[in-house]
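Structural description and commentary
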Amino acid sequence: MLWLAVGFCALCGVRGQDCIEPGKVWHDAEGRVINAHGGGVLWHEGRYYWYGENRPARGFTTEVGVGVYSSSDLVHWTDEGVALAVSGRQGSPIERGCIMERPKVVYNARTCKFVMLFHLELKGQGYAAARVGFAEADSPVGPFRFIRSLRPNAGKWPSDFSRRDIRRAKRLKESDYTEWWTPEWRKAVADGLLLARDVPGGQMSRDMTVFVDDDGKAYHIFSAEENLTLNIAELTDDYLDYTGRFVRVAPGGQNEAPTIFKRGGTYWMITSGCTGWAPNEARMFRASSVWGPWEQLPSPFAGEGAEKSFHSQGTYVLKVEGVEDGFIFMADRWNPESLQDSRYVWLPIVFGADGVPVLRWLDSWSPAGRFSGF
Ligand code: GAL
């Protein structure tokens with residue numbers, strides 16, 4: 001009783017206000033509900049910056065832009081305003097009423113710029129455009145300047161495609177495979193049916209994340225080919241374009257919501273299936289090179305509710321600065337009735353004896369309590 005009276009959390013034992021409570025309403029420093037969905041977190045010079053979709057109370061389009069919050073302890077977040085604002089100009093690719101999703105910001109040490117990539121759908125076109133947007137800023141809180149949007153890697157073939165693979169893919173025609181999910185269709189997709197269709201104009205790019213490796217090289221990881229296939233595409237040194245080197249992961253596997261992190265020499269990717277706003281069972285992949293091969297493993301979610309990923313869909317893996325094995329899986333519990341009211345599910349990743357990531361539900365937890373040295 002005394003414990004509660006002095007403000008300690010009965011669940012995780014630290015000061016109540018210092019806990020992350022997955023699935024509960026999360027307020028910013030001013031007491032307003034945090035509006036940063038499909039987000040990602042950047043650590044820069046001692047502070048964390050959480051970028052996310054600012055979503056309206058009703059409707060599915062972007063009326064404000066990408067929001068940013070900052071924090072030193074990952075629990076208390078200060079609203080830093082709009083990092084990238086929609087444009088009021090008619091015909092702008094980011095015109096108010098477009099859809100901006102899953103923004104991710106990385107810092108480029110060569111150019112000293114903050115670079116944002118996000119999934120962009122053009123106003124009035126639903127999800128047909130399937131583009132990536134690029135924006136850049138001099139400060140982590142922006143303002144970000146929109147640079148351009150595109151479909152990645154126009155005119156390019158995956159780096160692991162031989163001449164023979166390319167010839168075979170070019171021969172495939174969508175009109176020969178009108179029925180989806182047949183064994184013939186699956187093979188054709190794996191062989192590049194949709195990949196080849198999209199080579200001239202660039203690959204479709206929807207759910208996405210960005211990963212910067214230890215050597216400073218950055219990769220854009222996104223759902224391509226009608227959300228059937230993931231692409232991992234290397235960015236140029238300024239992170240504003242593609243080198244043209246890319247690979248496909250799990251062709252036809254319908255992976256969305258990619259998240260990635262590296263622990264020791266192993267790359268881990270946690271993704272979702274493809275069921276819109278409704279939760280589904282996560283997937284996991286492992287590789288010893290970002291270029292693969294990527295081996296599929298069972299979902300990392302364990303315990304009650306694991307089959308629906310605790311009613312959430314991943315968006316990012318946050319590396320806790322300076323803490324070995326400090327990784328937080330960030331996910332969204334979408335509420336399509338009011339996307340603004342979607343909740344955040346942040347959980348620490350634990351590692352089994354075999355080094356395999358596991359996600360277990362916690363009602364409440366504290367980064368300071370969980371990560372020694374934080
Ligand atoms: C989900 C995706 C979300 C959003 C939604 C739209 O599958 O992960 O980011 O695009 O579909 O229905």
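Overview of the structure.

To continue, consider the sheet that holds strand S3 (residues 65–71). Here we have 4 strands laid out as an open sheet, ordered S1-S2-S3-S4, and antiparallel in their pairing. Strand pairing shows two members of the sheet lacking a second neighbour, strand S1 (37–44) and strand S4 (78–85), which therefore form its edges. Taking the axes of each pair of neighbouring strands and ignoring which way they run, one obtains an average angle of 25° across the sheet. Of the pairings in the sheet, the one linking S1 to strand S2 (residues 47–54) comprises 6 bridges and is antiparallel in character. Across the sheet, the residue bridging to His-44 is Arg-47, located in S2.

Let us now look at the environment of Ala-224. Relative to the assigned elements, Ala-224 resides in strand S10 (residues 218–224). With 147 residues separating them along the chain, Ala-224 and Phe-371 place their C-alpha atoms 36 Å apart. Those residues in contact with Ala-224 that sit more than four places away from it in its chain are Gln-203, Met-204, Thr-229 and Asn-231.

All buried positions along helix H2 (residues 163–171) are accounted for by Asp-165, Ile-166 and Ala-169. Summarising the axial view, the buried residues of H2 lie within an arc of 100°, below the 170-degree limit, and thus occupy one face. In H2, the exposed residues that point more than 90 degrees away from the buried face are Arg-163, Arg-164 and Arg-171. Considering only its buried residues, H2 is in contact with helix H3 (183–191) and helix H4 (193–198).

To continue, consider the site of the ligand. In the vicinity of the ligand, the contacting residues are Glu-101, Arg-102, Tyr-127, Asp-207, Glu-256, Gly-276, Trp-277 and Gln-313. Within the side chain of Glu-101, one N or O atom sits 2.6 Å away from an oxygen atom of the ligand. For the ligand, whose unbound accessible area comes to 310 Å², protein coverage reaches 88%. For the shell around the ligand, the per-class residue count stands at 2 nonpolar, 2 polar and 4 charged.

Let us now look at H3. The α-helix advances 3.6 residues per turn, and as a result positions three or four apart in sequence lie on the same side. Listed as buried for H3 are Trp-185, Ala-188, Val-189 and Asp-191. Taken around the axis of H3, the buried residues stretch over an arc of 165°, which confines them to a single face. Buried residues belonging to H3 abut H2, H4, strand S11 (229–235) and strand S12 (242–249). Positive phi appears at Gly-192, one or two residues downstream of H3, with a value of about 115°.

Now for the nonpolar core. Residues Trp-50, Trp-77, Leu-318 and Trp-346 are the most contacted members of the largest nonpolar core, which totals 40 residues. Within the residue set of this core, elements represented by two or more residues are S2, strand S14 (266–272), strand S18 (313–319), strand S19 (327–333) and strand S20 (343–348). Counting residues per element, this core draws most heavily on S19, at 5 residues. Setting aside residues no more than four positions away along its own chain, Leu-318 makes contact with Val-41, Tyr-48, Leu-74, Gly-326, Phe-327, Ile-328, Met-330 and Trp-346.

Time to look at the sheet that holds strand S15 (residues 283–287). The 4 strands lie next to each other as S13-S14-S15-S16, forming an open sheet whose pairing is antiparallel. Edge positions in the sheet fall to strand S13 (256–263) and strand S16 (295–297), since each has one partner strand and no second. The average undirected angle you get between the axes of adjacent strands in this sheet is 25°. Pairing geometry for S15 and S16, over 3 bridges, is antiparallel.

For the rest of this paragraph, the subject is the packing of aromatic side chains. All told, the structure shown has 28 aromatic pairs when counted by the stated rule. Their ring planes at 45° and their centres at 4.8 Å tell us that Tyr-107 and Phe-114 sit as a pair that is tilted. Looking at Tyr-107, the relative accessible area reads 26%, which means it is partly exposed. Given the relative accessible area of 2%, Phe-114 is considered buried.

Quick notes on the rules
Residues numbered from 1 in each chain as written. Predicted model: local features only at pLDDT ≥ 70, side-chain atom pairs only at ≥ 80, totals over all residues. Heavy atoms only, no water. Pairing = 2+ DSSP bridges. Helix = DSSP H or I, 4+ residues; strand = E, 2+ residues; numbered from the N terminus. Axes fitted to C-alpha atoms, helices over the stretch in contact; angles between N-to-C directions. Contact = heavy atoms within 4.5 Å. Buried < 20%, exposed > 50% of the residue type's maximum accessible area, 1.4 Å probe, protein only. Arc of directions from axis to C-beta. Near = heavy atom within 4 Å. Polar contact = N/O pair within 3.5 Å; in protein donor to acceptor, adjacent residues only side chain to side chain. Areas by Shrake-Rupley, 256 points an atom, 1.4 Å probe, with all protein chains shown as cover. Nonpolar A, V, L, I, M, F, W, Y, C, P; charged D, E, K, R; others polar. Core = buried A, V, L, I, M, F, W, Y, C linked by side-chain atoms within 4.5 Å. Phe/Tyr/Trp six-rings, centres within 6.5 Å; stacked < 30°, edge-to-face > 60°.

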